[in-house]
There are 2 protein chains.
Amino acid sequence: MDEQQERHIVTLKDVAAASGVSISTVSRVLDDRTPPSRSATAERVRRIADDLGYRRNMFASGLRRGATGTIGVLVPRLTDHVMALMFEAIERTARARGSFAVVATCGDDPAEERRATETLLDRNVDGLVLATARLDDTLPALLRERGVPHVLALRTDGVSPSALGDDEAGGYFAARHLVDLGHQEIAVITGPWFTSSARDRLAGARRALAEGGIELPDARVISTGYGIESGHVAGRSLLDGGATRPTAIFAANDNLAIGVVAAASAAGLTVGRDVSVVGYNDIPLAAMLPVPLTSVRTAFDQIAASALDLLGGTDGAVTRALPTLIPRASTAALGR
Amino acid sequence: MDEQQERHIVTLKDVAAASGVSISTVSRVLDDRTPPSRSATAERVRRIADDLGYRRNMFASGLRRGATGTIGVLVPRLTDHVMALMFEAIERTARARGSFAVVATCGDDPAEERRATETLLDRNVDGLVLATARLDDTLPALLRERGVPHVLALRTDGVSPSALGDDEAGGYFAARHLVDLGHQEIAVITGPWFTSSARDRLAGARRALAEGGIELPDARVISTGYGIESGHVAGRSLLDGGATRPTAIFAANDNLAIGVVAAASAAGLTVGRDVSVVGYNDIPLAAMLPVPLTSVRTAFDQIAASALDLLGGTDGAVTRALPTLIPRASTAALGR
DNA sequence: CTGTTAGCGCCTTCAT
DNA sequence: ATGAAGGCGCTAACAG
């Protein structure tokens, strides 16, 4: 279809020459930020630009305008399914709003986080979405000082604008579900203590248990990482406990839950019969496990939308998207 | 530590003024592409630039130089663990070589793939890594015509430079492993037929079976998607078959294998005893499943390194990184 | 609405 | 080794 050989890259000058108007006119006609003119020349210029295969040079354009139509996203790692889902949601949302999302990964290392942030800022992003916040992190404060537009996603430092899931409610739903099934011996495995999500999910679970008049001794609360391995270790320590073994476990993350399930299998227990397990986030895999996993579904799209809203917004707001409990076979009433 | 308030962004001009030299000198001193000068002024300028918190404006710089130090990566989706692993490997490698990797996702839709490619090219990437190639895809041809530096990763169209895993060898290892365990009734579930990886893995499996003098009837070969769900469906159809049921299944992807395992559980079969299952890629989850999954480990880092090598290279080469079989509990000798 | 003019910040000849 | 000058492609004032 396209016959033009793009050996030479088409610039505004070429389009101007071909249309017999000035460069500025072309620039204005092709400006996508204003409602497009419907005048005859405008139409013609647009057609010619299209025929020639003109594409705006983002460097030149970005140099001149302030903004770049790019937002930077920082996540610990994309191999964490939760982060991949979050980023894809942000990417979709950004695209729908006409911008482009670039991602950088930084593991769990604050120094690396700084470095990655600088890298993104160097690329003149219009704003930053951080899915890395620790409660003890000073990066958000630094960004606030520097006046860099930013928003925290999934986790908060308690100060900067944040687009969160309602982790307290999610934790409540999960634990309430177990209580409703008649469980009394319940344990909670929560994520790293430096994440707001870990604390809030535990707080929600505590509320549900308190309502049911159920004790949650400290020995039944384990704070650990967010990886499968952590769940495996925690699960083993909970399930090997013989008589004191809990009949139900709320893992504050599907990875943890998967680790727990593996530990249960290894201990000869059947999940959904001998022990009930609830996860969190409802990653697609949850539904496809040998024993489908009950989980709390996080509204990633809603969080992404809020995040981009807040990026534009004026000052420190916090949104909390309500999650949904998805009951599956991994949880069952006590005593079958 | 940094005391300067970056209200005003520091440019070369500022550094020049503060050091009492010309802009061009500063520009030269700070040019990271050439071996850094060790002269007195050079050292001083570098120090001042650092103190002032100077950061090169990539737009201005990119506008002037041709290159941007950015490579674009195109993947179908990051929620596919394989793609997340591939991208992270590319990101790491790129960073180690001083560039930055940006990713775009495009699903399985060729039209969307074009759009995403244009988006990346608009951002003046120095080159493109595509992990999306279909055998019937015309995008690589288009890029070749246009002279856009690019390399295909994981999958090839058979023409453009490609950094692949040795899928034929991997398929061979997987099937050979099953043959060695004494299995005779073996089925293969392979990925979409438009991917070179699906075809090559099947070809390797065929070779191993042929060596063992084992038949692979067409009914025992299923070509499907690369998702868990596809594996579940395929697994069900293979395992429900009563007497004709295979004793071992090679799934050309861990997702497929997980789906098969779920189907096996649902059919009341114990994986590793009643049926052996081999996956492919050895995603971290594979080792953590209730029954740890035997899989063929893909050398993502090696593929990433080759990909970036080929991006710089002259013309159409193909590299194939040798994978490794990782035996686990999901495969066992026939008859226990 | 259109064209002219003047840079955005940086890099790179070309002279010194 | 250094400085002066021009321009990458685009956009934002400023006239007309």
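Position labels on residues start from 1 in each chain and follow its written sequence. Lettering of chains starts at A and numbering of ligands starts at 1, both following the order in which they are written. Only residues with pLDDT of at least 70 are given local features in this predicted model, and only at 80 or more are side-chain atom pairs given and counted; all residues enter the totals for whole chains, interfaces and linings. The basis for the side-chain values is all heavy atoms of the structure; hydrogens and waters are excluded.

**Some remarks on the relation of the copies chain B and chain A**
Once chain B has been moved 0.0 Å along the axis and rotated by 180°, it coincides with chain A to within an RMSD of 0.1 Å. The transformation just described matches what one would write down for a two-fold rotation axis. Considering only C-alpha atoms, the part of chain B nearest the rotation axis is F59(B), at 2.3 Å. Contact between two residues is taken to exist if any of their heavy atoms lie within 4.5 Å; hydrogens are not considered. Of all interface residues in chain B, 100% are interface residues in chain A too; the two copies therefore contact each other through one and the same surface. Least-squares fitting of one copy onto the other uses the C-alpha atoms of those residues that reach a pLDDT of at least 70 in both copies.

**A few points about the UniProt feature "domain: HTH lacI-type" (unreviewed entry) in chain A**
UniProt records the feature "domain: HTH lacI-type" (unreviewed entry) at residues 10-65 of chain A, using the numbering of this structure. By the criteria applied, helices consist of DSSP H or I runs no shorter than four residues and strands consist of E runs no shorter than two, each listed in order from the N terminus. Between the C-alpha atoms that bound residues 10-65 of chain A there is a distance of 20 Å. The span itself is 62% helix and 0% strand. UniProt positions are given in the numbering used here, feature names are shortened, and annotations may be inferred rather than shown by experiment.

**A short note on the packing of aromatic side chains**
Each pair of aromatic rings taken from Phe, Tyr and Trp, with Trp reduced to its six-membered ring, is defined by centres within 6.5 Å and is described as stacked if the planes are under 30 degrees apart, edge-to-face if over 60, and tilted in the remaining cases. A full pass over the atoms with the stated rule returns five aromatic pairs over all chains. Aromatic side chains Y172(A) and F173(A) sit 6.3 Å apart centroid to centroid with 70° between the ring planes, which places their arrangement in the edge-to-face category. Burial classification: accessible surface area is computed with a 1.4 Å probe over protein chains only, and a residue below 20% of its type maximum counts as buried, one above 50% as exposed, and the rest as partly exposed. Judged by its relative accessible area of 27%, F173(A) falls in the partly exposed class. When the centroid spacing of 6.4 Å and the interplanar angle of 40° are considered together, the rings of F250(B) and Y280(B) count as tilted. Of this pair, F250(B) sits in strand β8 (residues 248-251) while Y280(B) is found in the loop between β9 (276-278) and α12 (284-288), placing the two residues 30 residues apart along the sequence. The exposure classification of F250(B) matches that of Y280(B), with both residues buried. The aromatic ring of F194(B) is capped on one face by R134(B), whose charged end is 3.8 Å from the ring centroid. Two conditions define a charge located above a ring, namely a distance within 6 Å from the ring centre to NZ of Lys or CZ of Arg, and an angle within 35 degrees of the ring normal.

**Remarks on helix α9 (residues 196-211) of chain A**
Residues and elements named next belong to chain A. Its 16 residues give α9 an end-to-end C-alpha distance of 23 Å, which sits within 8% of 22 Å, the value for a rise of 1.5 Å per residue. Listing the buried residues of α9 in full gives S196, S197, A198, R201, L202, G204, A205, A208 and L209. Residues of α9 that are buried sit in contact with α8 (167-180), β6 (186-190), β7 (221-223) and β8 (248-251). Two residues or fewer after α9 comes G213, characterised by a positive phi angle close to 65°. Take the number of residues in a helix, subtract one, and multiply by 1.5 Å to get its expected span.

**A short note on the protein's contact with DNA strand C**
The immediate surroundings of DNA strand C are formed by 21 residues, with S24(A), T25(A), L12(B), Y54(B) and R64(B) found nearest. Definition of nearness: a residue and a molecule or strand are near each other if at least one heavy atom of the residue lies within 4 Å of the molecule or strand. Counting only atoms of DNA strand C within 4 Å of the protein, the fraction found in sugar and phosphate groups is 59%. Pairs of N or O atoms are called polar contacts if they sit within 3.5 Å, as long as, within protein, a hydrogen donor faces a hydrogen acceptor (for residues adjacent in sequence, only side-chain-to-side-chain pairs). Measuring from a phosphate oxygen of DNA strand C, one finds a side-chain N or O atom of S61(B) at 3.3 Å. Sorting the residues of the surface near DNA strand C by element identifies α2 (23-29) and α4 (58-64) of chain A together with α2 (23-29) and α4 (58-64) of chain B as the ones contributing at least two each. The biggest single contributor to the surface near DNA strand C is α4(B), with four residues.

**Notes on the pattern of salt bridges**
Think of a salt bridge as a Lys or Arg side-chain nitrogen and an Asp or Glu carboxyl oxygen that are within 4 Å of each other. Across all of its chains, the model carries 50 salt bridges over all chains by this definition. The salt bridge involving E112(A) is made with R115(A); its shortest N-O contact spans 2.9 Å. Taken together, the residues E112(A) and R115(A), both in helix α6 (residues 110-122) and three residues apart, mark about one turn of the helix. The exposure class of R115(A) is partly exposed, given its relative accessible area of 32%. Between R95(B) and E91(B) there is a salt bridge, and its shortest N-O distance comes to 3.8 Å. Residue R95(B) and its partner E91(B) are both found in helix α5 (residues 81-96); the two are separated by four residues, about one turn of the helix. R95(B) sits in the partly exposed class, given a relative accessible area of 32%. Owing to a relative accessible area of 5%, E91(B) belongs among the buried residues under this scheme.

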